[in-house]
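# Results of the structural survey
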Amino acid sequence: MKQLPDTIKLVFLSALLIVIVFVAFIIFVVLMYNRKQLLYLKEKQLQQAEYENRLLQKELEKQKSIEKERERISHDMHDDLGAGISALKLQAEFLKQKADDEDLQNDINELLKTSEEMNLSMREMLWSLNSGNDTLGSFIEYAVQYAGNFLKRTKIRLVTENIDLVSDTPISTEMRRNLFLCLKEAVNNAYKHSEGDTLKLSFSQEGNLFLMNIQDNGKGIPYEHSEGNGLRNMKRRMQEQEGECEVITSESGTHLLFKIEI
């Protein structure tokens, strides 16, 4: 009778030992599986990182190739087209000196005017193509220079203001070009239609938000011209860059506010 409890104890201990070994085996298998899964995930992440690095490298090489091509086009335009325009202007001035007919002189003056406009357009394209100008400071410097040259022969006085700007903030070529075309349209409209005598350009930066204010003290935009092609084009350009163009007009002038994330 005394041997039965010992036998039961032995069986119980044996069963307990088997259960412990089995549980330990299960834990070991689970740990090994998790370890293999972890190694697999790390390997996949490493492969994904390598793939993304290769894509990034290809994109950088593509960007360098594009910039190199832009610089080549820029140099070719400067050397070939610029020289051609200069030669055309020189020949027109030579013909003007020899021309006696007043109508012919007027035609030559128009030719000279056209060649000067072509030369200005070429400079704008060269500025747009140069990737070295893809900064906020470069854009503002060129914008102020353009507005000053445009208005210096008019009665309109140019006032500029810069607020909290970080000049070396990078901006894309496309954004820089669209901002400049908006400014160009706004300055031209102020000259043609505002009848004011002052134009204020204000540039400010609030973190990643860039604001360009163009304000004149003219007569404002008549209601029938409130949705003209120029304003529509400016709004479209800003929308394409995920920016905004607000137009505020009154009898005391027109205020154009451009907002864009940079």
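From a predicted model like this one, the values you see are computed outputs, not experimental measurements.

Here we take up the packing of aromatic side chains. Within this structure, the stated rule accounts for 9 aromatic pairs. Note on Tyr-146 and Phe-180: the rings are 5.2 Å apart at their centroids and 80 degrees apart in plane angle, and the pair reads as edge-to-face. In this pair, Tyr-146 is assigned in helix H3 (residues 136–151) and Phe-180 in helix H4 (residues 173–194), connecting sequence segments 34 residues apart. Comparing Tyr-146 with Phe-180 shows no difference in burial state: the two are buried. Three or more aromatic residues joined by ring pairs make a cluster, and in this case those are Trp-127, Tyr-142, Tyr-146, Phe-150, Phe-180 and Tyr-191.

Our focus in this paragraph is a negative patch on the surface. Where like charges cluster on the molecular surface, the negative patch consists of Asp-100, Asp-101, Glu-102, Asp-103, Asp-107, Glu-110 and Glu-117. Note that Asp-100 resides in the loop between helix H1 (3–98) and helix H2 (102–129). What makes Asp-100 exposed here is its relative accessible area of 75%.

With 12 residues, helix H5 (residues 229–240) ought to run about 16 Å at 1.5 Å a step, and its terminal C-alpha atoms sit 16 Å apart, in line with that. Three or more residues of H5 are buried, namely Gly-230, Leu-231, Met-234, Arg-237 and Met-238. One face of H5 carries all of its buried residues, which in axial projection span an arc of 130 degrees. What points out from H5, more than 90 degrees from its buried face, is the exposed set Asn-229 and Gln-239. Immediately beyond the C-terminal end of H5, within one or two residues, lies Glu-242, with a positive phi of roughly 60 degrees.

Now for the pairing of strand E1 (residues 157–163). As judged from the 7 bridges shared by E1 and strand E2 (residues 198–206), these two strands associate in the parallel manner. When the sheet's bridge partners are listed, Val-159 is paired in E2 with Lys-200. In this fold, E1 hands off to H4, which returns the chain to E2; that crossover is left-handed.

Conventions and cut-offs
Every chain is numbered independently, its residues counted from 1 as its sequence is written. Residue-level local features of this predicted model are given only where pLDDT is at least 70; pairs of side-chain atoms are given and counted only at 80 or more, and the full residue set underlies all totals for whole chains, interfaces and linings. To obtain the side-chain values, all non-hydrogen atoms of the structure were used and water was disregarded. Whether two aromatic rings pair depends on their centres lying within 6.5 Å, for rings of Phe, Tyr and Trp, where Trp uses its six-membered ring; planes under 30 degrees apart make the pair stacked, over 60 edge-to-face, and the rest tilted. Here a strand is any run of E in DSSP of at least two residues, a helix any run of H or I of at least four, and the numbering for each starts at the N terminus. Each residue gets one of three labels from its accessible area relative to the maximum for its type: buried under 20%, exposed over 50%, partly exposed in between, using a 1.4 Å probe on protein chains only. Note that patches include only residues with greater than 30% relative accessible area and no salt bridge, and the join distances are 9 Å for like charges and 5 Å for nonpolar side chains (Val, Leu, Ile, Met, Phe, Trp, Tyr). The method behind every accessible area is Shrake-Rupley, applied with a 1.4 Å probe, and residues are considered shielded solely by the protein chains displayed. Any Lys or Arg side-chain nitrogen located within 4 Å of an Asp or Glu carboxyl oxygen qualifies as a salt bridge. Neither His nor the chain ends is counted toward charge; the positive residues are Lys and Arg and the negative residues Asp and Glu. Each charge is placed at NZ for Lys, CZ for Arg, CG for Asp and CD for Glu. What a helix is expected to span follows from its residue count: subtract one and scale by 1.5 Å. In this context, the arc is that of the directions from the helix axis out to the C-beta atoms. Think of it this way: DSSP has to see at least two bridges between two strands before they count as a pair. We call a crossover right-handed when, viewed with the strands running away from us, the connection from the first strand over the helix to the second turns clockwise.

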